[in-house]
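# Reading the structure
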Amino acid sequence: MTDAHQERPSRTGLGRALMAAGALSSDWAPAYAAVPRAAFLPDLMWPWDMRVGASVPVSRTDDPEAWYAHADADCPIVTQWDDGDHTGTAPGAVSTSSASMPSVVFRMLRDLDVRPGHRVLEIGTGTGWNAALLAHRVGPENVVTVEVDGAVATAARAALGRFGSPVDVVHGDGFEGHPAGAPYDRVVATCGLRAVPYAWLAQCRPGGVIVVPWGTHFGNGDAVARLVVSDDGRSASGRFTGPVEFMKLRAQRLPPVVHRDYVRGSVADGDESATSVAEDAFVVGPFDALRFVLGLRVPRCLQVAGEKRDGARPVWLYGLGDRSWACVQFREGRAARVWQHGDRRLWDEAEAAYRWWTARGRPAHDRFGLTVGAGGARAWLERPADSWRL
């Protein structure tokens, strides 16, 4: 038995903490016990260190105690930077593959409602840990996992083989699913989506479940959508279960938005007005329901909040379908000033969305839902019948 397979007090403690928090359900506890995350992590990794608020390099060779402590912690761990172009031990520019927080992993597996004998398609193999957990539940012959990065796929395939869980690891674009292994009873994505590919619906049985981190380009956050495929197989619908944040499906990454492509001169080029919306009500954290709702109600828009300096903070809105922009300048003790430019009045849209949300009692993520089909997606609050196109 290798060190990665041994039971450690830190891993036992994490399991108890996950169960106490409701993330690890009793039916997934045997998989947690049998499939340690450490068995799938590389010797050099970059866990998120809560003390310093950043990803830090940790080497199993140089500091095995710290390495296992992070492997057994409820923290995300970056395993690749810059699509594999990164070298050295310092963090790279953009994290492009990771091992998710165990609490997030098991909440999503709970949402997936996997039963023995189910065939499962996973999009985003990463380290292979999630695929191994699924294989423990349904058997490796019933799991297909797709990974777009060749080096990541190769490493995961080797780790799964060493662990004795030889699931089918496919190197390919997860956007297309894997029709050769269809039909599937369950589909789960371990990457953030901005549109659910219709191919996944087509490859999932009627009544099957699709669990995906989904969001809009308004921000980098996602929410887990649990979708059930309709009887005719032409659509899937369901509620969101809670906020998360994942690396995005590579086919759906947002290209960089360049400020000077929008604002050629200064904010004075926009139409000026004011707003009574307060900064602390509008500028919220990435997992706040308001940020999610703004993305639903103000489509094709990116928000960028500037740093607060001398009591002032600018918040920019950029239209992703044209060059419309808006800037609201929050300043302590004063009414916020607004400038808007272009065919869309983006701040007017954002303020209307904010007031729509507050008028309905500030609903959380789990009161919203998503319906997807060949024609695109619709979001809804409480009932699918009361939906709007995204």
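All residue numbers refer to position in the chain's written sequence, counted from 1. Local features in this predicted model are restricted to residues of pLDDT 70 or higher, and side-chain atom pairs are both shown and tallied only at a pLDDT of 80 or more, whereas totals for entire chains, interfaces and linings draw on every residue. Only hydrogens and water are set aside when side-chain values are computed; all heavy atoms of the structure are taken into account.

## A closer look at helix 4 (residues 102–112)
An α-helical turn contains 3.6 residues, so a residue and the one three or four places further along point in the same direction. The cut-off we apply is this: Buried residues are those whose accessible area, probed at 1.4 Å on protein chains only, stays under 20% of the maximum for their type, while exposed residues exceed 50% and partly exposed ones sit between those limits. Secondary structure elements follow DSSP: runs of H or I no shorter than four residues count as helices, runs of E no shorter than two count as strands, and numbering proceeds from the N terminus.
Here helix 4 lies mainly inside the structure; nine of its eleven residues are buried. Looking at the residues trailing helix 4, positive phi occurs at Asp113, about 55°.

## Observations regarding the nonpolar core
Note the following rule: For our purposes a nonpolar core is just a set of buried Ala, Val, Leu, Ile, Met, Phe, Trp, Tyr and Cys residues, chained together by side-chain atoms within 4.5 Å.
If you look at the biggest cluster of nonpolar residues, it comprises 57 residues, and the most contacted ones within it are Val196, Val212, Trp214, Trp347 and Phe368. Ranked by size, the runner-up nonpolar core spans 38 residues in total, among them Ala23, Val143, Leu160 and Val167.

## Comments concerning the side chain of Asn142
Put simply, the test is: Definition of a polar contact: a pair of N or O atoms within 3.5 Å, with one able to donate and the other able to accept a hydrogen when the atoms are protein atoms, and with sequence-neighbouring residues admitted only if both atoms are side-chain atoms. Between two residues, a contact is recorded if the distance between any of their heavy atoms is within 4.5 Å.
Here Asn142 is to be found in the loop between helix 5 (129–138) and strand 7 (143–147). With relative accessibility at 13%, the residue Asn142 sits in the buried group. Only 2.8 Å separates the side chain of Asn142 from the backbone oxygen of Val138, close enough to count as a polar contact. Setting aside chain neighbours within four positions, we find Asn142 in contact with Gly117, His118, Arg119 and Val120.

## Some thoughts on the environment of His136
Mapped onto the fold, His136 is located in helix 5. Apart from the residues lying within four places of it in its own chain, the contact partners of His136 are Pro30, Ala31, Ala34 and Val35.

## Remarks on unusual backbone geometry
Residue Pro183 is reached from Ala182 by a cis peptide bond, and omega for that bond is 5°. Within the secondary structure layout, Pro183 lies in the loop between strand 8 (168–171) and strand 9 (184–189). At Arg300, a position not held by glycine, the phi torsion is positive, near 50°. Within the element layout of this structure, Arg300 appears in the loop between helix 10 (289–297) and strand 14 (301–305). Look at Arg300 and you get exposed, because its relative accessible area is 52%.

## Overview of the sheet that holds strand 10 (residues 204–214)
To keep things clear, this is the line we draw: Pairing between strands is defined by DSSP: at least two bridges between the two strands are required. All axes here are fitted lines through C-alpha atoms, helices being fitted over the stretch that makes contact, and every angle between N-to-C directions spans 0 to 180 degrees.
Within the open sheet, the ten strands sit side by side as 8-7-6-9-10-11-12-18-19-20. Their pairing is mixed. Of all strands in the sheet, those bounded by a partner on one side alone are strand 8 and strand 20 (387–389). Sheet twist, expressed as the mean angle between neighbouring strand axes with direction ignored, is 20°. Pairing between strand 11 (residues 222–229) and strand 12 (residues 235–244): six bridges, direction antiparallel. In the sheet register, Val229 faces strand 12, and the bridge partner there is Ala236. Contacting strand 10, strand 11, strand 12, strand 18 (368–373), strand 19 (376–381) and strand 20, helix 10 runs over the sheet at an angle of about 35° to strand 18.

## Regarding the side chain of Ser97
Tracing the backbone through its elements, the reader meets Ser97 in strand 5 (residues 95–99). Given a relative accessible area of 7%, Ser97 falls into the buried group.

## Describing the packing of helix 10 against helix 11 (residues 346–359)
Applicable threshold: Geometric relationships in this document are graded by angle, where less than 35 degrees denotes roughly parallel, more than 145 denotes roughly antiparallel, 65 to 115 denotes roughly perpendicular, and other angles denote oblique. Crossing handedness is read from the near helix: turned anticlockwise from the far helix by less than a right angle, it gives a left-handed crossing, and turned clockwise, a right-handed one. When residues are sorted by character, Ala, Val, Leu, Ile, Met, Phe, Trp, Tyr, Cys and Pro go into the nonpolar class, Asp, Glu, Lys and Arg into the charged class, and all the rest, Gly among them, into the polar class.
Two numbers describe how helix 10 lies on helix 11: the axes approach to 9 Å, and their chain directions differ by 125°. As summarised for this structure, helix 10 and helix 11 are arranged oblique, according to the angle between their axes. Every pair of crossing elements has a handedness; the one defined by helix 10 and helix 11 is right-handed. Facing helix 10, whose interface residues are Ala289, Leu290, Val293, Leu294 and Arg297, helix 11 presents Ala350, Ala353, Tyr354, Trp356 and Trp357. Its residues placed into classes, the contact of helix 10 with helix 11 shows nine nonpolar, no polar and one charged.

## Concerning the pattern of salt bridges
Rules: A pairing counts as a salt bridge when a side-chain nitrogen of Lys or Arg comes within 4 Å of a carboxyl oxygen of Asp or Glu.
In the structure shown here, the tally under the stated rule is 24 salt bridges. Two residues, Asp27 and Arg137, come together in a salt bridge whose shortest N-O distance is 2.9 Å. With Asp27 in the loop between helix 1 (9–20) and helix 2 (29–34) and Arg137 in helix 5, this residue pair connects regions lying 110 residues apart in the sequence. Salt-bridge contacts for Asp185 lead to Arg205; the nearest nitrogen and oxygen are separated by 3.0 Å.

## Regarding the sheet that holds strand 14
What the five strands build is an open sheet, ordered 13-17-16-15-14; its pairing is antiparallel. The open sheet has two edge strands, strand 13 (271–275) and strand 14, and neither has a second partner. Each strand of the sheet is rotated relative to its neighbour by a mean of 20°, with strand direction disregarded. In this structure, strand 13 lies alongside strand 17 (residues 336–341), joined through five bridges in antiparallel fashion. By the bridge assignment, Glu272 is partnered in strand 17 with Trp339.

## Looking at the packing of aromatic side chains
Where we set the bar: Pairs were defined over the aromatic rings of Phe, Tyr and Trp, the Trp ring being its six-membered one, requiring ring centres within 6.5 Å. Orientation was assigned from the angle between planes: stacked under 30 degrees, edge-to-face over 60, tilted for the rest.
Counted according to the given criterion, the structure contains 15 aromatic pairs. Judged by centre distance (5.8 Å) and plane angle (80°), the rings of Phe106 and Trp129 are edge-to-face. You can see Phe106 sitting in helix 4 and its partner Trp129 sitting in helix 5, a full 23 residues away along the chain. Assessed through its relative accessible area of 1%, Phe106 is described here as buried. Take Trp129: its relative accessible area is 4%, and that puts it in the buried class. Taken together, a centroid distance of 6.2 Å and an interplanar angle of 10° make the contact between Trp316 and Tyr318 stacked.

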